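The chain contents come next:
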Amino acid sequence: MIKPKRLQAGATIAALSLSSGMAGDPDILWRYEQGKQQLVAMGFRVVETEMTLAGTEYVYKHPKERAESLHKTLLDPKIDGIIATIGGIESYRIFQYIDLEIIRQHPKVFIGYSDSTSIHQMFRLAGVVSFYGPCLLVDFAENGGVFDQIVKTNNSK
């Protein structure tokens, strides 16, 4: 298994909507911004792709573009890691478009849970370690985000 390079403070993380597109829905956008600010406070730079904030309906209707968004992110040398905006119920619809060689040849940290588990399986099939962990809209956006101690610990490294 290929282990991607560890993320350090200052790293650029792409927020991806590979399953649900709710991060871009007008009534949820504030949560996206709140989660993004939590990651920025931890010392990371957060960027969006064309699908990140496209909204539920658009993201649902374009599974091929979601896979292409993952590929572009993996191929972009300025991006160090990827975080799922949220899970969902249908990331399996992008499987037919996933290029495992791109994942294998351009390993990056991928983090997410719930429906993102299927994306972890794609990384596993490519032979790349991924990380089952927090997503942007829930863990970094709700209830004030992650604990202050985690932020302090990360910034002290």
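Refer to the structure printed above.
Heads up: these notes are all about the structure in this document. (Residues numbered from 1 in each chain as written. Predicted model: local features only at pLDDT ≥ 70, side-chain atom pairs only at ≥ 80, totals over all residues. Heavy atoms only, no water.)

Let's shift gears to the sheet that holds strand 1 (residues 12–16). Spatially, 2-1-3-4-5 is the arrangement adopted by the five strands of the open sheet, whose pairing is parallel. Unpaired on one side and paired on the other, strand 2 (45–48) and strand 5 (131–132) mark the two borders of the sheet. Inspection of the sheet shows strand 1 paired to strand 3 (residues 81–84) by four bridges, in the parallel sense. Bridge pairing in strand 3 links Ala14 to Ile82. Across the sheet, helix 1 (residues 29–41) touches strand 1, strand 2 and strand 3, and the angle it forms with strand 2 is around 145°. Most of the contacts of helix 5 (residues 117–125) go to strand 4 (residues 109–112), to which it runs at about 155°, and overall it touches strand 4 and strand 5. (Pairing = 2+ DSSP bridges. Helix = DSSP H or I, 4+ residues; strand = E, 2+ residues; numbered from the N terminus. Contact = heavy atoms within 4.5 Å. Axes fitted to C-alpha atoms, helices over the stretch in contact; angles between N-to-C directions.)

So, about the pairing of strand 4. Bridge count for strand 3 against strand 4 is three bridges, and the pairing is parallel. Following the sheet pairing, Ile83 is matched in strand 4 by Ile111. Handedness of the crossover is the feature at issue here: the chain leaves strand 3, passes through helix 4 (residues 100–105), returns alongside strand 4, and the resulting connection is right-handed. Direction of pairing for strand 4 relative to strand 5: parallel, over a ladder of two bridges. Bridged to Gly112 within strand 5 is Tyr132. Handedness of the strand 4-helix 5-strand 5 crossover: right-handed. (Right-handed = clockwise from strand over helix to strand, strands pointing away.)

Before going further, it helps to examine empty space enclosed by the protein. This structure, assessed with the given rule, holds one cavity of 30 Å³ or more. Considering only enclosed or pocket space, the largest cavity measures out at about 40 Å³ in volume. Surrounding the largest cavity, Leu16, Leu18, Ser19, Ala84, Ile86, Phe110, Ser116 and Ile119 form its lining. For the lining of the largest cavity, a count of residues per class yields six nonpolar, two polar and no charged. (1 Å grid on protein atoms, 1.4 Å probe; cavity = no way out; pocket = protein on both sides within 12 Å on 5 of 7 lines; lining within 4 Å. Points joined across faces, edges and corners; volume = space filled by probe spheres on them. Nonpolar A, V, L, I, M, F, W, Y, C, P; charged D, E, K, R; others polar.)

Quick look at helix 1 now. Between its terminal C-alpha atoms helix 1 stretches 18 Å, which fits the 18 Å expected from 13 residues at 1.5 Å a residue. Along helix 1, the residues that are buried comprise Arg31, Tyr32, Gly35, Lys36, Gln38 and Leu39. In an axial view of helix 1, the angular spread of the buried residues amounts to 155°, which keeps them on one side of the axis. Immediately downstream of helix 1, the backbone of Gly43 shows phi near 105°, a positive value. (Expected span 1.5 Å × (residues − 1). Buried < 20%, exposed > 50% of the residue type's maximum accessible area, 1.4 Å probe, protein only. Arc of directions from axis to C-beta.)

By themselves, these are just geometric observations and shouldn't be taken as functional.
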